[in-house]
Every structure is written in structure tokens, then in C-alpha cells.
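# Architecture and fold: a report
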Amino acid sequence: MKKEGHPDYHFITVVMTDGTEYQTRSTYGAEGDKLMLDIDSRSHPAWTGGDGKMLDRGGRVSRFKDKFKGFM
């Protein structure tokens, strides 16, 4: 196989949102880099069973509610 055809596979440190760290192999960054997570399985509602909240970004939810206000 061609050597330049494959990415470098090395160890990095993954830092979870609560500060815990673990090492894994990845093609991310360079050897010894840290990957800081913003969302992970310990903090995301999909895994923790937390309440999901509907965010109204740019008035999308408001526009939808106004559009279908009298429907049914």
C-alpha cells in the first residue's frame, strides 16, 4: 500500500464535559492533542433522559404557531 494514502493514526486525549479524560486512537490532530467535547453522553438529554426544550431560534416556532393557530 502507498504510505501517503493513509492518515496518521495516533493517540489523543478526549476530555469530557465533566473534566474526565481518556485516551483513544484517532486521526484527529497530532499525537498527544486534546479533544475538548462540548456535548457528550454524560450531559446530553438524549442519553441522560433530561427534559427536552424547544428553542425558538429566529422565530421559527412562533411563525409555525401563528400559521396554524386556528387549525383543528
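These remarks concern the structure in this document. Fair warning: this is a prediction, and the values are worked out from it, not measured in the lab. (Residues numbered from 1 in each chain as written. Predicted model: local features only at pLDDT ≥ 70, side-chain atom pairs only at ≥ 80, totals over all residues. Heavy atoms only, no water.)

## Details of the pattern of salt bridges
Tallying each qualifying case throughout the model produces 1 salt bridge. The closest approach of N and O atoms between Lys34 and Glu21, which form a salt bridge, is 3.2 Å. In this pair, Lys34 sits in strand S3 (residues 34-36) while Glu21 sits in strand S2 (residues 21-26), placing the two residues 13 residues apart along the sequence. (Salt bridge = Lys/Arg side-chain N within 4 Å of Asp/Glu carboxyl O. Helix = DSSP H or I, 4+ residues; strand = E, 2+ residues; numbered from the N terminus.)

## Looking at the side chain of Asp40
One can find Asp40 in the loop between S3 and helix H1 (45-48). In terms of polar contacts, Asp40 uses its side chain to reach the backbone amide nitrogen of Thr17, at 2.9 Å. In contact with Asp40, other than residues within four places in its own chain, are Met16, Thr17 and Trp47. (Polar contact = N/O pair within 3.5 Å; in protein donor to acceptor, adjacent residues only side chain to side chain. Contact = heavy atoms within 4.5 Å.)

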